[in-house]
Amino acid sequence: MRADRRPMRLDGGDSDADVIRRSRLQPGDFAVIFRRHAPRIRRYVVRRVGPDAADDVMSETFLAAFAQRGEYQSAYGDALPWLYGIATNLIARHRRAEIRQYRALARSGSDPVMEPFTDAAAERVTASGMHRRLAAALAALPAAHRDAVLLVAWGDLTYAEVSVALGVPIGTLRSRVSRARDRLRASLADGDPAALLDDHTDESKDGTP
Amino acid sequence: MNEIELLSLMRNDVPCEEITPQVEQAFLEAIATSDLSTFPRRQRGMRGLRGAIGPRARWRLAIAGGLIAALAAGLAATGIRVPDRSPGSGGAATAPSADQPLTLTELAYRASAAALQGRDISPNQWVYREIESYGGVGLSDPRGVRTTDANWMTANGLHCAMWIRVGGRRELSGRECGGVEPSYAQLSSLPSDPAAIDRYLAQPGPGEGATTALRNDQAFFRIGQILNIYALDPKLTATLYRALADIPGVTALNDARTAAGQAGVAFVLPAPPGSGLPQDELILDPASYNLIGWTEIDEVGDQVHGVPAGEMQAASVLEEAFVSGPAVQP
């Protein structure tokens, strides 16, 4: 695990587990968890569903975490995987929108998620062909596989942490990531990303209605 | 650069902004009153952060440190290392025959003996690998996905490089990597006894549980990962093969096949029923006992997510050689 991956503790240095335990009696202490992790959680959610939905998902994540803090397993010193897990479950409600955005990127090269962070229209249509292919592959992945690989790539979690976040055995997690990686790798072959999208997209695999 | 690294670059310009005091106060008010409805989401959320425009989206080869683990994980799944293909590195060993299949003990002994014939390798020695990866139900699945990747990595796993395609051009991407647990530096403090190595590597991480099946899988996977990624000294390689054989449940498979169809002998850890774990195979060349492949088989599948029973993920070494640096072909 990388030492530089977590933000420095400038708020007293207690572990997340200590803070959450304390917050059971002093609810206000949970704000420390919010302060520590909200930026990373929101960034992850923005990358998945865009800024508009991210505001809701991020807020709901911490509200749900606060409500569930009594069930937090103190053996996990770092609450980030737990929070990512909650956020990922909430992202499921926005799965259709998430997939639409991947498809839009794959077809047009314009990424709707990145529009608010790009200050010139000309810059918007600059997504590399590689990103278009990856977007097409992400749209086609089964939801569980997409969750797993994106928690590794965008959540910056280790396999063990993703296993905690998703509540699946690490062997299952490893298998899901491996399958997702195969699809992603295949998507990077030369060719038209839109064609790839047509070949692989199968929304029913996501379990969405 | 592998697919996880490339994926990590996608939407990487989304900023990671600190929480404003106003937003934190709103959250504090909500939880203080235990009235969650007082924390208006959209209005008092973090929308204001969008005003901060990040760097313009563009393809960047510079990778944040956060990609290290992803790379390590990726290599664990695809990078299978042959300890040494120099003359005399295990080539003198006798291949098993149909009449005289190897027992697990014999396999471990022969693999260890072959490893001990290798030479010491500098931590900064560059290794070129060409790996074929495969995913499908059985090795002849017409819908299976088969890809080939090539990369360069130092023996200590800290530096790596690969060709990537950027805007139609091929560019060499080189970077710091690493992030594997245990690190190359930590290997020197591994126990010297095979059984002790198993116990050490079987320790579950936070939240991984501590069932016997998971511990065994953990030890098997980590040893495979160490053998895959690093170019190790002969003694440690030999000890790790003996440690594999000491893991409860491990058996020898005399007619194993890599993803590329190479025949081999394998250390196999079957998946206990109901464990949710895949069957793991670590495949060695039957003559040299060099590592030539790794296979995971999901025997049960996952109906919920449309994963068919018997789906396998496999990788095999097509070529591996010591080279003088990145981009140098053997």
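Let us look at the structure shown here. Predicted model, so just to flag it, every value in this text is computed and none were measured.

## Brief notes about the overall build of chain B
Then comes step 1: If you tally the helices and strands in chain B, you get nine helices and nine strands.
Then comes step 2: Within chain B, contacts between residues separated by at least 24 positions form 62% of all contacts whose residues are at least 6 apart in sequence.
Then comes step 3: Surface exposure of chain B reaches about 13,900 Å², of which carbon and sulfur atoms provide 53%.

## Concerning helix H9 (residues 159-166) of chain A
Then comes step 1: Across the eight residues that make up H9 of chain A, a large majority, seven, are buried.
Then comes step 2: Residue glycine 167 of chain A follows H9 of chain A closely and has a positive phi angle near 70 degrees.

## Looking at the pattern of salt bridges
Residues and elements named next belong to chain A.
Then comes step 1: Summed over all chains, the structure comprises 17 salt bridges over all chains.
Then comes step 2: A salt bridge links arginine 95 to aspartate 147; the nearest nitrogen and oxygen atoms lie 3.4 Å apart. Of the two residues, arginine 95 sits in helix H5 (residues 95-108) while aspartate 147 sits in helix H8 (residues 143-153), which places them 52 residues apart along the sequence.
Then comes step 3: Residue arginine 95 is classed as buried on the basis of its relative accessible area of 8%.

## Describing the environment of valine 265 of chain B
Then comes step 1: Looking at the element boundaries, valine 265 of chain B is found in strand E6 (residues 263-269).
Then comes step 2: Those residues in contact with valine 265 of chain B that sit more than four places away from it in its chain are Pro96, Leu102, Leu107, Leu253, Asn254, Ala256, Leu282, Ile283, Leu284, Asp285, Pro286 and Tyr289 of chain B.

## Structural notes on unusual backbone geometry
Most peptide bonds adopt trans geometry, and most residues besides glycine take a negative phi value.
All names here are of chain B.
Then comes step 1: Unlike most non-glycine residues, arginine 11 shows phi in positive territory, near 60 degrees.
Then comes step 2: By the element assignment, arginine 11 lies in the loop between helix H1 (3-9) and helix H2 (21-33).
Then comes step 3: The phi dihedral of alanine 327 is positive, around 75 degrees, even though this residue is not glycine.

## Topic: the side chain of arginine 43 of chain A
Then comes step 1: Along the chain, arginine 43 of chain A turns up in helix H2 (residues 30-49).
Then comes step 2: Of the side chains with opposite charge, aspartate 13 of chain B lies nearest to the buried arginine 43 of chain A, which makes no salt bridge, at 6.7 Å.
Then comes step 3: Arginine 43 of chain A has contacts with Arg11, Asn12, Val14, Pro15 and Cys16 of chain B, leaving out every residue within four places of it along the chain.

What counts, and where the lines are drawn
- Residues numbered from 1 in each chain as written.
- Chains lettered and ligands numbered in written order.
- Predicted model: local features only at pLDDT ≥ 70, side-chain atom pairs only at ≥ 80, totals over all residues.
- Heavy atoms only, no water.
- Helix = DSSP H or I, 4+ residues; strand = E, 2+ residues; numbered from the N terminus.
- Contact = heavy atoms within 4.5 Å.
- Areas by Shrake-Rupley, 256 points an atom, 1.4 Å probe, with all protein chains shown as cover.
- Buried < 20%, exposed > 50% of the residue type's maximum accessible area, 1.4 Å probe, protein only.
- Salt bridge = Lys/Arg side-chain N within 4 Å of Asp/Glu carboxyl O.
- Lys, Arg positive; Asp, Glu negative; His and termini not counted.

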